[in-house]
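What follows is each chain in one-letter form.
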Amino acid sequence: MSSPDVRFYGRRKGHDLKPGRQRLFDETLPLLRLPDDVPQDLSDLFATDVDEVQLEIGFGGGEHLVHQALTHPRVGYIGAEPYINGVAMLVAGIERESAATIRIFDEDARLLLPKLPDASLTKIYLLFPDPWHKARHNKRRFVSEETLDHFARLLRPGGEFRFASDDAGYVRWTLARATRHAAFIWTAREPADWRTRWPDALATRYETKNITGIKPAYLTFCRR
Ligand SMILES: C[S@@+](CC[C@H](N)C(=O)[O-])C[C@H]1O[C@@H](n2cnc3c(N)ncnc32)[C@H](O)[C@@H]1O
């Protein structure tokens, strides 16, 4: 699936998948993949009853998503990630942990946002998105006025957009755009609020590698 307006700049594929992962990719992923026609009531996507639905964009290896799903069994999760090796890791994690409440969109999340119904989500996670720190690449960043407009439409009042990054430039970029967006309020009251990982979150794979050596910022924006 592609759109003339959406050009993906990241990696779609790394090393070849090992046979076990390839089998999961070929046989199990089709069962977990989001259908083309997304239901108006997103809870219909899940085999068990869920009270709310949340979205993680760019889930990498999916460890945060599986952790959330095991911690909150009455929440349904949609994960969007175009990197095939990451998707295969998530499918393996779902099978290993019997996590029954995750559906996968294995494409660019910008193609998913317009398909989702208004006020259908209670949280959107964007954890350590690709920083695109060179000035000429900044416009490739996932956070933009356009994606924030989608987040505002998709989140219920009181819902949260959670953003984490160890790139100071991207943190400033996101703060500037989200705080001037009429639909969002930055919830931090003191430095510890943005310096401390959310209590129910697991350090992601990228975060654990700590490539930059810089302490991440964790920003929470509440949908008015
Ligand atoms: C630096 S990695 C972080 C992965 C994971 N969140 C973590 O913290 O370990 C950024 C991820 O975002 C994914 N990504 C980049 N652009 C994306 C897009 N437009 N839609 C969905 N995922 C995207 C990449 O494929 C990559 O897996």
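Residues numbered from 1 in each chain as written. Predicted model: local features only at pLDDT ≥ 70, side-chain atom pairs only at ≥ 80, totals over all residues. Heavy atoms only, no water.

Chemist: How would you explain the pattern of salt bridges if you had to name every residue and give the values?
Modeler: Applying the stated criterion across every chain yields a total of 14 salt bridges. Across the pair Glu95 and Arg23 runs a salt bridge, and its minimum N-O distance is 3.9 Å. Within this pair, whereas Glu95 is found in helix α3 (residues 84–97), its partner Arg23 is found in helix α1 (residues 19–32), the two being separated by 72 residues in sequence. We classify Glu95 as partly exposed; its relative accessible area is 42%. Arg23 gets classed as partly exposed once you look at its relative accessible area, which sits at 39%. Glu97 is the partner of Arg96 in a salt bridge, and the nearest nitrogen-oxygen pair spans 3.6 Å. The structure contains a network of salt bridges with shared partners spanning Glu145, Arg177 and Arg180. (Salt bridge = Lys/Arg side-chain N within 4 Å of Asp/Glu carboxyl O. Helix = DSSP H or I, 4+ residues; strand = E, 2+ residues; numbered from the N terminus. Buried < 20%, exposed > 50% of the residue type's maximum accessible area, 1.4 Å probe, protein only.)

Chemist: For the site of the ligand, give the residues involved together with the corresponding values.
Modeler: Near the ligand, the surroundings consist of 19 residues, among which Gly58, Glu81, Asp108, Leu127 and Thr204 are the closest. The contact in question runs from a nitrogen atom of the ligand to an N or O atom on the backbone of Gly58, over 2.8 Å. Ala109 places a polar main-chain atom, nitrogen or oxygen, 2.9 Å from a nitrogen atom of the ligand. Within the complex, 87% of the 600 Å² of free accessible area of the ligand lies under protein. (Near = heavy atom within 4 Å. Polar contact = N/O pair within 3.5 Å; in protein donor to acceptor, adjacent residues only side chain to side chain. Areas by Shrake-Rupley, 256 points an atom, 1.4 Å probe, with all protein chains shown as cover.)

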